[in-house]
Amino acid sequence: MGFTQQSFEILIIGLIIMGLFLAIIPVGRGDSRLRGYRISLTFMALSFVCLGIYCLLKAKLPRELLFFPFFISSHIQVCLLGLAHLNLLNLNIVHRRQVFLNFCPMLICLLTYCIIQPFCPFVRLSSWDILFHSLTNPGVAVRVLWLLVYIGQILYYAVVFFREEKVYSRALGNYLSDVPSAKYRLALYSFIGAQLAGVDSVCICLTLDMFWGGFFNIVMLALYVFMCALFVQYPSIFHIVSGVIADIPEDATGQPSVSWPQLKMRIEDEKLFLTEGLTVEQLAATLSVSKHTLSRMVNTEEGVNFNTFIGGLRVSEAQKMMREHPEMALSEIAMGVGFSEQSNFSRQFKASTGFTPGEFRKKL
């Protein structure tokens, strides 16, 4: 009993503190590129504060299975967290109509329960036996249905998020020349944490065991701390990928006045590919074509995405440097050809040549 109560109090304090922290954190203020991030941050802060307030009130409410105030709180959580993460991948997917539609299932279940309950005897579901013997009660049936709707909405966000994440990952390859490994997947890691919190909520709803109640409180707090930490780090890369998630329309520049062989020759002769963190947008501006035109040319003429195309040019330059400067460290060569991380250099090098940079140098 003591463990559960203490973990519950820690959960309440932790959630409210993190929610207030996210609400007042000045990260991104004044930067128009981070508008989408601030929207996601607001959704995340609201979800933390709402859950903290609900947990504070829950101490005065009776414990039972399929408790409908729990569904209200949990449904708000899954909607806010789902929208916060989708907005990190596609700025156009979250708008007022979409927010309303996402909250509709919860509102319909709540309205149905409020209409039915006055005409049915209230059943306190203190055990599974009582639940099974009360399924003919319309009020209990609605609560069971609400649980299924809640689980369905968790699955819906998983399907939509991973679909968008797949599109997002592919778009990164067409947008960035050098994709630093883990930090561009912060949204994915945070979303997985949110999904685990949703599963955790279902487990809490379906168990009245005191030990597991306390254990789940600690697990939930750990997951929310994990999500909070990832969201705080995200501004460092959000403005870089904003061109990917904002679905910017095609520039009104008409057909390019030069052919792909001419553009490619200029990229190679002027060594435009050596710029660290080069994006298709930056290179297109240098070449005086639209980013969509450049991306399409690379895809159709070279048969690869922008990331692979630029990586190939950098690897060729790195091979040349290895031959001409055998004394140079591999880390210096990686930076010299535009890679921001040694791991990306090694991965691209092996993909292009079949050898790691170290193996290739030994062959020389």
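For the structure, see preceding data.
This is a predicted model, so every value here is computed, not measured.

Calculation notes
- Residues numbered from 1 in each chain as written.
- Predicted model: local features only at pLDDT ≥ 70, side-chain atom pairs only at ≥ 80, totals over all residues.
- Heavy atoms only, no water.
- Helix = DSSP H or I, 4+ residues; strand = E, 2+ residues; numbered from the N terminus.
- Buried < 20%, exposed > 50% of the residue type's maximum accessible area, 1.4 Å probe, protein only.
- Contact = heavy atoms within 4.5 Å.
- Phe/Tyr/Trp six-rings, centres within 6.5 Å; stacked < 30°, edge-to-face > 60°.
- Salt bridge = Lys/Arg side-chain N within 4 Å of Asp/Glu carboxyl O.
- Core = buried A, V, L, I, M, F, W, Y, C linked by side-chain atoms within 4.5 Å.
- Axes fitted to C-alpha atoms, helices over the stretch in contact; angles between N-to-C directions.
- Parallel < 35°, antiparallel > 145°, perpendicular 65-115°, else oblique.
- Nonpolar A, V, L, I, M, F, W, Y, C, P; charged D, E, K, R; others polar.

(A) Molecular detail of the environment of I267. Mapped onto the elements, I267 comes out in helix 10 (residues 260–269). Here I267 falls in the buried class, since its relative accessible area comes to 0%. C-alpha of I267 to C-alpha of T286: the two residues are 19 residues apart in sequence and 9.6 Å apart in space. Sequence-distant contacts of I267, that is, excluding residues within four places in its chain, are made with W260, L272, F273, L283, L287, F309 and L313.

(B) The arrangement of the packing of aromatic side chains in detail. Evaluation of the coordinates by the stated rule reveals 12 aromatic pairs. Taking the centre distance of 5.6 Å and the plane angle of 90 degrees together, the rings of F161 and F162 count as edge-to-face. Relative accessible area serves as the criterion here: at 39%, F162 is assigned to the partly exposed category. Centre to centre, the rings of F161 and F191 are 3.9 Å apart; their planes meet at 10 degrees, and the pair counts as stacked. Of this pair, F161 sits in helix 6 (residues 138–175) while F191 sits in helix 7 (residues 186–205); the two residues are 30 residues apart in sequence, bridging distant segments of the chain. F191 shares its class with F161; the two are buried. Here the aromatic cluster, defined as three or more aromatic residues joined through ring pairs, consists of F339, F345, F349 and F360.

(C) Layout of the pattern of salt bridges. Applying the stated criterion to the full structure yields four salt bridges. Here K264 makes a salt bridge to E302, at a shortest N to O gap of 3.2 Å. Remark: E302 occurs in helix 12 (residues 291–302) and K264 occurs in helix 10; sequence separation between them is 38 residues. Looking at K264, the relative accessible area reads 23%, which means it is partly exposed.

(D) Structural detail: the nonpolar core. Core analysis: the largest hydrophobic core is formed by 91 residues, its most contacted members being Y224, Y234, I267, L283 and L294. If sequence neighbours within four positions are ignored, L294 has contacts with W260, V280, L283, A284, L287 and V289. With 12 residues, the next largest nonpolar core counts V315, I333, F345 and F360 among its residues.

(E) Main features of the packing of helix 4 (residues 96–116) against helix 6. Two numbers describe how helix 4 lies on helix 6: the axes approach to 8 Å, and their chain directions differ by 170 degrees. Viewed along their axes, helix 4 and helix 6 adopt a mutual orientation that is roughly antiparallel. Contacts between helix 4 and helix 6 involve Q98, N102, P105, M106, C109, L110, T112, Y113 and I116 on the former and, on the latter, P138, G139, V142, R143, W146, V149, Q153, Y156 and Y157. Looking at the contact of helix 4 with helix 6 residue by residue, the classes come out as 12 nonpolar, five polar and one charged.

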